[in-house]
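Residue-level listing of the chains:
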Amino acid sequence: MAEKKLPFTKEQLQKIVDQYGTPFHIYDEKAIKENARKLAAVFAWAPGFKEYFAVKATPNPYIMKLLKEEDIGADCSSLPELILSEKVGIKGEDIMFTSNNTAADEFVKAMELGAIINLDDITHIDYLEKHAGVPEVISFRYNPGPLRKGGNAIIGNPEEAKYGLTREQISEAYKIMRDKGVERFGIHTMVISNELDPDYFIETAKMMFDLMVELHKELGIRFELVNFGGGIGIPYRPEDTAVDYEIIGQGVKKLYEEKIAANGLAPLKLALECGRVITGPYGYLVTTAMHTKNIYKNYMGVDASMADLMRPGMYGAYHHLTVVGKENEPHDQVYDVTGSLCENCDKFVVDRNLPKINIGDILVIHDTGAHGHAMGFNYNGKLRSAELLLKEDGSVEMIRRAETIEDYFATLDFSRL
Ligand SMILES: *Cc1c(COP(=O)(O)O)cnc(C)c1O
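Residues numbered from 1 in each chain as written. Predicted model: local features only at pLDDT ≥ 70, side-chain atom pairs only at ≥ 80, totals over all residues. Heavy atoms only, no water.

**Section: the overall build of the protein**
The condition is simple: For the purposes of this entry, the term helix denotes a DSSP run of H or I that reaches at least four residues, the term strand denotes a run of E that reaches at least two, and both are numbered from the N terminus. Based on C-alpha atoms, the radius of gyration is set beside the globule rule, defined as 2.2 Å times the residue count to the power 0.38. The criterion used for residue contact is that any of the two residues' heavy atoms lie within 4.5 Å. Using a 1.4 Å probe, accessible areas were evaluated by the Shrake-Rupley method; residue-level cover was limited to the displayed protein chains. Counting rule for charge: Lys and Arg are taken as positive, Asp and Glu as negative, and neither His nor the chain ends is counted. Charged groups are reduced to one reference atom each: NZ for lysine, CZ for arginine, CG for aspartic acid, CD for glutamic acid.
Across its full length, the protein holds twelve helices and 17 strands. Relative to its length of 417 residues, the protein is compact, with a C-alpha radius of gyration of 23 Å against a globular reference of 22 Å. Its C-alpha atoms give the protein principal-axis dimensions of about 70 × 60 × 45 Å. The long-range share in the protein, meaning contacts at least 24 apart out of those at least 6 apart in sequence, stands at 68%. As presented, the protein carries roughly 18800 Å² of accessible surface, and 50% of it is formed by carbon and sulfur atoms. For the protein, the distance from the average position of its 47 positive side-chain charges to the average position of its 63 negative side-chain charges is 0 Å.

Structure representation (structure tokens):
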């Protein structure tokens, strides 16, 4: 059972709250860096290994910049995500453009930045050429559908996923690009999400290496890059175990030697495009207890809402919650901790055993560093919180201010009322 710790003391957090007010998300720079280095270290054997951070997880340029300093690139799927990367100085082949149902202006921008274009569909070949030209490097996203090797359940249910090309289409797509004179090829897949079993990632590598050997034999093309996608899970619950990167690194290494090197296909660059595991555990949503309410259940209303973190409301996802300073008190109360939306799913925890909470107590919701602030929305007139960065030296920098009512009204013109 992993202890869910905080990177600050009660006194340190109180000072931050006094300065910025709640709610806010705060990210732990030191822990993000240490984790990035750990991931890179297990792939040190792999020539040119690259993690492309899935920008959608935490689209904040200051987070992207600190990741860039760890040699992490960007996985983008929209025009604003491409522009964010450009602002941070991530460009060229440090960007992988893994989009779907893509508009022409997005392809144009991705090409302008020199990003690696990863097409989601065979029909996008003509669309891309028409609107943006033929890229120097081309990658396609593979969807294995029902072709699950070995009959295991590793890849969930790819037949139901809207992404990628079928096995038949993928041969055809590379053939078309080869015949257009493209000489540099990548390949991509993303078949799992929030997965804690490292074997699934090794199985994905096996599937992709086998596919590349087949495509090489069929078409005579050589791949320089394979991107296994994201999807590494994180231990949201105290009883969960974090994925051991070392197991993935060693498992993939063995397969690389057996399938890639042995077939004369080395060197091949390996890539991941994880989001969650890169920042998720290192972000915290800090909120203040505002109202207590006892009807058929006990409710504790806080000043954050589902607009700041929608995972619990949307998926019933577990997020650990710490009542700061009461970690060691008996957890002998049962609460639903709620936001203020007029939606009954606006709850951070349901029927959770917690210590007695008093109005004004600071509550910390764990593991909000990915798909947290990013998924925020304005329904019910809710404004999104600020984002803070807890720096390695203990200082705090505001890396995004909270939204204001002016922001909320910015798209309205009241003058014609
Ligand atoms: C969402 C997404 C990712 C990141 O997924 P995580 O679960 O955050 O690692 C990577 N690639 C693609 C194409 C995605 O859609």
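From this point, the discussion proceeds with the structure in view.
**Considering the sheet that holds strand 4 (residues 95-98)**
Condition: Any two strands with at least two DSSP bridges between them are considered paired. Axis geometry follows a simple rule: fit a line to the C-alpha atoms, using only the stretch in contact for helices, then measure angles between N-to-C directions, giving values from 0 to 180 degrees.
Read around the closed barrel, eight strands run 2-3-4-5-6-7-8-9, paired in parallel fashion. Across the sheet, the mean angle separating the axes of adjacent strands is 25° when strand polarity is ignored. The sheet contact formed by strand 4 and strand 5 (residues 116-119) spans three bridges and is parallel. Looking at strand 5, one finds that Phe97 is bridged to Ile117. Seen against the sheet, helix 5 (residues 104-112) touches strand 4 and strand 5 and runs at an angle of roughly 145° to strand 5.

**Description of the site of the ligand**
We count it as follows: We define proximity as follows: a residue is near a molecule or strand when any one of its heavy atoms falls within 4 Å of that partner. Whenever a nitrogen or oxygen atom comes within 3.5 Å of another N or O atom, the pair is scored as a polar contact, on the condition that within protein one atom can donate a hydrogen and the other can accept it, and that pairs from neighbouring residues in sequence are kept only if both atoms are in side chains. Under the scheme applied here, ten amino acids are nonpolar (Ala, Val, Leu, Ile, Met, Phe, Trp, Tyr, Cys and Pro), four are charged (Asp, Glu, Lys and Arg), and all others, including Gly, are polar.
In the vicinity of the ligand lie 13 residues, with Lys56, Gly231, Glu273, Arg276 and His371 positioned nearest. Between Arg276 and the ligand, the recorded distance is 2.8 Å, taken from a backbone N or O atom to an oxygen atom. A total of 390 Å² of accessible area belongs to the ligand in isolation, and the protein chains cover 89% of it. Its residues placed into classes, the shell around the ligand shows three nonpolar, five polar and five charged.

**Some words on the nonpolar core**
Here is the rule we go by: Put simply, a nonpolar core is a bunch of buried Ala, Val, Leu, Ile, Met, Phe, Trp, Tyr and Cys residues held in one set by side-chain atoms that sit within 4.5 Å of each other. Any residue under 20% of the maximum accessible area for its type is buried, any over 50% is exposed, and the rest in between are partly exposed; the area is computed with a 1.4 Å probe on protein chains only. Residue ranges assigned to the domains are those given by an automatic or database domain assignment.
With 84 residues, the main nonpolar core has Phe43, Phe140, Tyr174, Ile187, Phe209 and Leu270 as its most contacted residues. Taken domain by domain, this core gets at least three of its residues from each of domain 1 (43-274) and domain 2 (281-409). Here Tyr174 is in contact with Ile138, Ser139, Phe140, Phe185, Gly186, Ile187, Leu215, Leu219, Ile221 and Phe223, once residues within four sequence places are set aside. Core analysis: the next-biggest nonpolar cluster, separate from the first, contains 16 residues, Met300, Val349, Ile357 and Ile365 among them.

**Side note on the side chain of Glu29**
Test applied: A side-chain nitrogen of Lys or Arg and a carboxyl oxygen of Asp or Glu constitute a salt bridge if their distance falls within 4 Å.
Looking at where Glu29 falls in the secondary structure, it is placed in helix 2 (residues 29-42). At 4.0 Å, Lys33 is the nearest oppositely charged side chain to Glu29, a buried residue that forms no salt bridge. Those residues in contact with Glu29, other than ones at most four positions away along the chain, are Leu66, Leu389, Leu390, Lys391 and Glu392.

**As for unusual backbone geometry**
A cis amide bond links Thr22 with the next residue in sequence, Pro23, at an omega value of 0°. Along the chain, Pro23 falls in the loop between helix 1 (10-20) and strand 1 (24-28). Residues Ala266 and Pro267 are joined by a peptide bond in cis, for which omega reads -5°. Among the secondary structure elements, Pro267 is positioned in the loop between helix 9 (245-261) and strand 9 (269-272). The backbone of Asp351 sits at a positive phi, close to 50°, despite the residue not being glycine. Along the chain, Asp351 turns up in strand 14 (residues 347-354).

**What about helix 1?**
Rules: Working definition: the arc comes from the directions between the helix axis and the C-beta atoms, pointing outward to the latter.
Turning to helix 1, its buried residues are Leu13, Ile16 and Val17. Taken end-on, helix 1 shows its buried residues confined to a sector of 100°, consistent with a single buried face. Along helix 1, the residues that are exposed and aim more than 90 degrees away from the buried face are Glu11, Lys15, Asp18 and Gln19. Where helix 1 is buried, its residues contact strand 1, strand 10 (283-294), strand 15 (362-365), strand 16 (386-390) and strand 17 (396-400). After helix 1 finishes, the residue Gly21 shows a positive phi value of roughly 75°.

**Overview of the packing of aromatic side chains**
Put simply, the rule reads: Each pair of aromatic rings taken from Phe, Tyr and Trp, with Trp reduced to its six-membered ring, is defined by centres within 6.5 Å and is described as stacked if the planes are under 30 degrees apart, edge-to-face if over 60, and tilted in the remaining cases.
On inspection of all chains with the given rule, the structure shows 14 aromatic pairs. Residues Phe209 and Tyr256 carry aromatic rings whose centres are separated by 6.2 Å and whose planes lie at 75° to one another, so their mutual orientation is edge-to-face. Of this pair, Phe209 sits in helix 8 (residues 198-219) while Tyr256 is found in helix 9, placing the two residues 47 residues apart along the sequence. The burial state of Phe209 is the same as that of Tyr256; both residues are buried. One aromatic cluster is present, formed by Phe43, Trp45, Phe49, Phe209, Phe228 and Tyr256 through successive ring pairs.

**What to know about the packing of helix 4 (residues 79-88) against helix 5**
Packed helices, taken two at a time, are described by the angle their axes make and the gap between the axes. Definition in use: Each angle gets one of four labels, with under 35 degrees taken as roughly parallel, over 145 as roughly antiparallel, 65 to 115 as roughly perpendicular, and the rest as oblique. Crossings are sorted by hand: turned counterclockwise from the far helix by less than a right angle, the near helix makes the crossing left-handed, and turned clockwise it makes it right-handed.
Here helix 4 crosses helix 5 at 20°, and the two axes come no closer than 9 Å. The angle between helix 4 and helix 5 places the two elements in the roughly parallel class. Like other packed secondary-structure pairs, helix 4 and helix 5 cross with a definite hand, here left-handed. In this structure, helix 4 contributes Leu79, Leu82, Ile83 and Glu86 to the contact, and helix 5 contributes Asp105, Glu106, Lys109, Ala110 and Glu112. Of the residues that constitute the contact of helix 4 with helix 5, the class distribution is four nonpolar, no polar and five charged.

Such coordinate-based values are descriptive only and should not be taken to indicate function.
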